[in-house]
Every structure is written in C-alpha cells, then in structure tokens.
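Listed below are the residues making up each chain.
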Amino acid sequence: MKRAALNVGLAVILISLTYFYLYPGSQAIVDGRIDTMISDGTDPAPLPYAYDQMVQTWHEKPHRLFFGAVHIDAADPQYGANFWFPWNERLAVILGSYFFPIEQLYGVMLFGLLLMNALCMYLLGRYLGWARTISFGLALAWGFSCYTRARAKVHGSLAGIYHLPLIFLGLYLVVRGRSKRSLALAALALLGAATVAHY
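The rules behind the values
- Residues numbered from 1 in each chain as written.
- Predicted model: local features only at pLDDT ≥ 70, side-chain atom pairs only at ≥ 80, totals over all residues.
- Heavy atoms only, no water.
- Helix = DSSP H or I, 4+ residues; strand = E, 2+ residues; numbered from the N terminus.
- Rg over C-alpha atoms; globule rule 2.2 N^0.38 Å.
- Buried < 20%, exposed > 50% of the residue type's maximum accessible area, 1.4 Å probe, protein only.
- Phe/Tyr/Trp six-rings, centres within 6.5 Å; stacked < 30°, edge-to-face > 60°.
- Lys NZ or Arg CZ within 6 Å of the ring centre and 35° of its normal.
- Disulfide = S-S within 2.5 Å.
- Contact = heavy atoms within 4.5 Å.
- Core = buried A, V, L, I, M, F, W, Y, C linked by side-chain atoms within 4.5 Å.
- Axes fitted to C-alpha atoms, helices over the stretch in contact; angles between N-to-C directions.
- Parallel < 35°, antiparallel > 145°, perpendicular 65-115°, else oblique.
- Left-handed = near helix turned anticlockwise from the far one by under 90°.
- Nonpolar A, V, L, I, M, F, W, Y, C, P; charged D, E, K, R; others polar.

## With respect to the overall build of the protein chain
1) Next: Across its full length, the protein chain carries nine helices and two strands.
2) Next: Taking 2.2 N^0.38 as the reference for a compact globule, 199 residues should give roughly 16 Å; the C-alpha atoms of the protein chain span a radius of gyration of 18 Å, in line with that estimate.
3) Next: Judged by the C-alpha coordinates and their principal axes, the protein chain covers about 55 × 40 × 30 Å.
4) Next: Here the protein chain holds 199 residues, and the buried ones make up 42% of them.

In structure tokens, the structure reads:
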C-alpha cells in the first residue's frame, strides 16, 4: 500500500511538472482552445491540417497508418501525398483526437513524450537497483532538460528521447533475464524504443 501511494505521488509530481513545463500551452489543452497551439509560429495552420487528414485517414482507410509514410488523398486531388509521422506521433494524434480538438493534439503529444521520457528513465534506474530518489532525480533531468524544452517549441516529436533508457532496459533484460517473461519485456521495451522520431 505504501509503495502504491508513493508511485501515485511520483506520478502526480511528474504530471504537474509537465503541466508547468509546457505552460501556457498545457492550459490551452485543458481549455480545449481552437485558436492557439504550442508552436514557434510556423505550424498553426499546416500541422492541424496534417493532423486532421491523419484522423480522417484513420476513420476511412486505417491500414494506411501502418506504412512508413501515411498516404493522404485529400492533400493533392490527383495523386495524393505522403506525410511522414513517427509512430509515437501517430498514436498520440489518433488517441488524442477522441478527447481534444485538432489544434491541441501537438501539445497532447508533447505532454505524453515528456512523461514517457521521465518514466522510462525512472524505470531503468529502478531496474538497475538504484535508490528511488536517484532514479527520480535522473527522471527529472532526462525528461525536462533544455533539449526537450527546445524541441517542444519546434520539431516536437524529437522531444521524445525515451528510446535510450528503453534500449538499455531491453538489453539488460536480455542479458540478465532468466525467463521467457524477461525476454517478452525486453522485446516490449525495444519495440517501444522503435516508436521514437528520428532523422
């Protein structure tokens, strides 16, 4: 019971920190605003358009979301167009579209990425046997750094750096694992690492 309460407390701290880290963009998410979004000023029109097209594709031809690039018919009446979205962005946009306006899906993605960064580093630290306070400190430093803040403003999907702790966690699970469960968890960690954006 004490451990569960402590984990809930850590989750509340991380969620609150993410909210304040992205403020005022996080408040726009909470308010469901359609007149603003987190941006450096270059994305307020093209990004919601692309997200809207992705959501329409999800409803009309969902199989297209499982290719390397998402083919969208409406972007070009004659040939269509291919949009490249990393897997984590596709997931955030599709799931977020059920709860938030299109204009806030970028912020929703960022919120999730920052939380994932911190949680994955925390999991790695705890798996390695580090103290809870050290793991939490590393999670804060990893999830909320100057790099992730800079990426949150532009190229937001690159704010997701959770793949590195997941890769190390997956490799440790393979090396130290003694059961099929360890191998399954390692595969899950490595699969999660593959969802991150890359150039």
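Having seen the model, we can carry on.
## Quick notes on the packing of aromatic side chains
1) Next: Per the stated rule, a full pass over the model turns up five aromatic pairs.
2) Next: When the ring of Tyr19 is compared with that of Tyr23, the centres are 5.9 Å apart and the planes differ by 55°; the resulting orientation is tilted.
3) Next: Classification of Tyr23 by relative accessible area gives partly exposed; the value is 44%.
4) Next: With 5.3 Å between their ring centres and 75° between their planes, Tyr21 and Phe144 make a pair best called edge-to-face. Taken together, the residues span a long stretch of sequence, with Tyr21 in helix H1 (residues 2–22) and Phe144 in the loop between helix H6 (132–143) and helix H7 (146–153) at a distance of 123 residues. For the residue pair Tyr21 and Phe144, the accessibility class agrees, reading buried in each case.
5) Next: In textbook terms, an aromatic cluster arises when at least three aromatic residues are bridged by ring pairs, as seen for Tyr19, Phe20 and Tyr23.
6) Next: The residue whose ring lies beneath Arg90 is Trp87, and the NZ or CZ to ring-centre distance is 4.2 Å.
7) Next: Against the face of Tyr21 rests Arg149, its NZ or CZ located 5.8 Å from the ring centre.

## What to know about the state of the cysteines
1) Next: Per the stated rule, a full pass over the model turns up zero disulfides.
2) Next: Cys120 carries a free sulfur, and the closest cysteine sulfur to it, the one in Cys146, is 20 Å from it.
3) Next: Given a relative accessible area of 5%, Cys120 falls into the buried group.
4) Next: The class of Cys146 is exposed, set by a relative accessible area of 70%.

## Examining the side chain of Arg64
1) Next: Relative to the helices and strands, Arg64 resides in the loop between helix H3 (46–60) and strand S1 (70–72).
2) Next: You can call Arg64 buried: its relative accessible area is 15%.
3) Next: Residues in contact with Arg64, not counting those within four places in the same chain, are Thr57, Ala69, Val70, His71, Ile72 and Asp73.

## Structural notes on the nonpolar core
1) Next: Within the largest apolar cluster, 42 residues are counted, with the highest numbers of intra-cluster contacts made by Leu22, Tyr51, Met54, Phe85, Tyr106, Met109 and Leu110.
2) Next: Listed by contribution, the elements that provide at least two residues to this core are H1, H3, S1, helix H4 (87–96), helix H5 (105–127), H6 and helix H9 (180–193).
3) Next: Tallying contributions element by element places H5 first for this core, with eleven residues.
4) Next: Sequence-distant contacts of Met109, defined by excluding residues within four places in its chain, comprise Tyr51, Glu89, Ala92, Gly156 and Ser157.
5) Next: Listed in part, the five residues of the second largest apolar core include Met121, Leu124, Leu169 and Ala186.

## Overview of the packing of H5 against H6
1) Next: Relative to each other, H5 and H6 sit at 150°, their axes nearing to 8 Å. As far as their axial angle goes, H6 and H5 are roughly antiparallel. Between H5 and H6 lies a crossing whose hand is right-handed. Facing H5, whose interface residues are Leu114, Asn117, Ala118, Met121, Tyr122, Gly125 and Arg126, H6 presents Arg132, Ser135, Phe136, Leu138, Ala139, Trp142 and Gly143.
2) Next: Residues that form the contact of H5 with H6 fall into these classes: eight nonpolar, four polar and two charged.

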